[in-house]
Amino acid sequence: MPQFKLDGLVLKIPRKCMNDNIENAIVNGRYEGNETTATKHHVTDTDRVLDLGGGAGYVALQAARLAGAENVTTVEASPAMLKAIGDNAKKNGFDALRIIHGAVVSGAHADDTISFEVLPGFWASSILEDEGEKRKASKLITVPALKFSDLQERVKPTVISMDIEGAELDLAREAWRPEVRIVIMEVHPNRYGMRGLRQLISDMFANGFGLMPWGTRGSVMVFKRLDPPPS
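Given the structure is predicted, the values throughout are model-derived calculations rather than measurements. (Residues numbered from 1 in each chain as written. Predicted model: local features only at pLDDT ≥ 70, side-chain atom pairs only at ≥ 80, totals over all residues. Heavy atoms only, no water.)

Asks: I'd like a description of helix 1 (residues 20-27), backed by residues and values.
Replies: What sets the pattern is the α-helix's 3.6 residues per turn: residues three or four places apart point alike. Among all positions in helix 1, only Ile22, Ala25 and Ile26 are buried. Buried residues of helix 1, viewed axially, fall in a sector of 95°; they line one side. The exposed set on the far side of helix 1, more than 90 degrees from its buried face, consists of Asp20 and Val27. Check the buried side of helix 1 and you find it contacts strand 1 (3-6). Where helix 1 begins, one side-chain oxygen reaches toward the backbone nitrogen of Asn21, 3.2 Å away; that side chain belongs to Asn19. Of the residues trailing helix 1, Gly29 is marked for its positive phi of about 75°. (Buried < 20%, exposed > 50% of the residue type's maximum accessible area, 1.4 Å probe, protein only. Helix = DSSP H or I, 4+ residues; strand = E, 2+ residues; numbered from the N terminus. Arc of directions from axis to C-beta. Contact = heavy atoms within 4.5 Å. Polar contact = N/O pair within 3.5 Å; in protein donor to acceptor, adjacent residues only side chain to side chain.)

Asks: So what about the nonpolar core? Which residues, and what values?
Replies: Leu52, Trp176, Leu200 and Met204 are the most contacted members of the largest nonpolar core, which has 38 residues in total. Those residues in contact with Leu200 that sit more than four places away from it in its chain are Glu168, Leu169, Ala172, Met185, Val187, Tyr192 and Phe223. Grouped together as the second largest cluster of nonpolar side chains are 37 residues, Phe4, Ala80, Phe94 and Val222 included. (Core = buried A, V, L, I, M, F, W, Y, C linked by side-chain atoms within 4.5 Å.)

Asks: Tell me about helix 5 (residues 148-155), residues and numbers included.
Replies: Along helix 5, the positions that sit buried rather than exposed are Phe148, Leu151, Gln152 and Val155. The arc enclosing the buried residues of helix 5, seen along the axis, measures out at 100°, which places them on a common side.

Asks: I'd like a description of the sheet that holds strand 12 (residues 209-217), backed by residues and values.
Replies: The strands that make up a sheet are held in pairs by hydrogen bonds between backbone atoms, and each pair lies either parallel or antiparallel. Read from one edge of the open sheet, seven strands run 5-4-3-10-11-13-12, paired in mixed fashion. Of all the strands in the sheet, the pair left with one neighbour each is strand 5 (98-101) and strand 12. On average, each strand axis in the sheet is inclined to that of its neighbour by 20°, with strand direction left out of account. On the sheet, helix 7 (residues 189-206) packs against strand 11 (182-186), strand 12 and strand 13 (220-225) and is oriented at approximately 20° with respect to strand 13. (Pairing = 2+ DSSP bridges. Axes fitted to C-alpha atoms, helices over the stretch in contact; angles between N-to-C directions.)

Asks: I'd love a proper account of the pattern of salt bridges, names of residues and values included.
Replies: Counted under the stated rule, the structure contains eleven salt bridges. A salt bridge links Arg15 to Glu23, with the nearest nitrogen and oxygen atoms 3.7 Å apart. In this structure Arg15 comes out as exposed when scored by relative accessible area, which is 52%. What emerges from the salt-bridge pattern is a single network uniting Glu153, Lys156, Arg177 and Glu179. (Salt bridge = Lys/Arg side-chain N within 4 Å of Asp/Glu carboxyl O.)

Asks: Give a detailed account of the sheet that holds strand 8 (residues 126-127), specifying residues and quantitative values.
Replies: Strands sit in the order 6-9-7-8 across an open sheet of four strands; the sheet is mixed. At either end of the open sheet lies a strand with only one pairing partner, and these are strand 6 (103-105) and strand 8. Taken together, the two bridges between strand 7 (residues 113-118) and strand 8 define a ladder with antiparallel strand orientation. Residue Phe116 lies in a different strand from strand 8, and its bridge partner there is Ile127.

Asks: Outline the environment of Val220, supporting the account with residue identities and numerical values.
Replies: Locating Val220 in the fold gives a position in strand 13. Judged by its relative accessible area of 1%, Val220 falls in the buried class. Residues Val220 and Ala38, 182 residues apart in the sequence, show an inter-C-alpha distance of 8.4 Å. In this structure Val220 touches Asn34, Glu35, Ile184, Met185, Glu186 and Gly215, once residues within four positions along its chain are discounted.

All quantities given are derived from atomic positions and should not be read as evidence of function.
Structure, rendered in structure tokens:
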């Protein structure tokens with residue numbers, strides 16, 4: 001299993017989950033760079049962090065450095081990457097980091113499970129709503145469907161970080177708990193278009209958030225709570 005060191009953290013990633021783009025990003029120090037910058041800027045030692053789409057656990061580990069591992073919960077759908085997060089947490093001394101298996105869904109999702117498309121490059125794996133859209137070289141698995149509202153109730157996060165390959169569009173219109181003060185969100189307009197991105201931003205504004213320039217860069221957008229949640 002390949003092992004890397006990035007910003008003082010050790011990351012082991014299963015070979016079957018790797019591709020050249022991921023390896024190059026890690027080796028060149030660009031892996032999750034914008035998310036890491038935003039995390040370092042906004043997470044404090046008083047926060048509770050919910051990280052959606054954990055991947056190799058790198059963002060969660062960065063958050064654990066700042067808030068304490070016991071105050072960080074990460075969610076990952078891929079069983080192989082779920083194990084990698086656990087291994088990486090232990091290897092870096094963050095055994096208390098909490099890891100949940102599943103894919104986050106909106107309240108409109110009726111089933112307890114959902115189809116998840118696993119790709120050789122783990123960072124592109126995502127929920128698959130339409131099996132006719134399955135891509136080559138991918139594998140379909142069934143994973144627990146985790147309601148966003150239930151995760152918020154369970155963790156009561158003050159900071160939410162997410163890289164969930166397009167599912168953020170549905171979550172933006174969900175109800176957000178009043179404790180949430182910062183959202184670090186990677187957006188994917190390649191999935192839903194610029195009109196979808198405009199709707200996402202509009203929904204976040206309607207939920208009482210404003211766009212925070214510090215940490216917003218490239219496809220990573222940072223939203224800050226400005227107003228109480230709508231009643």
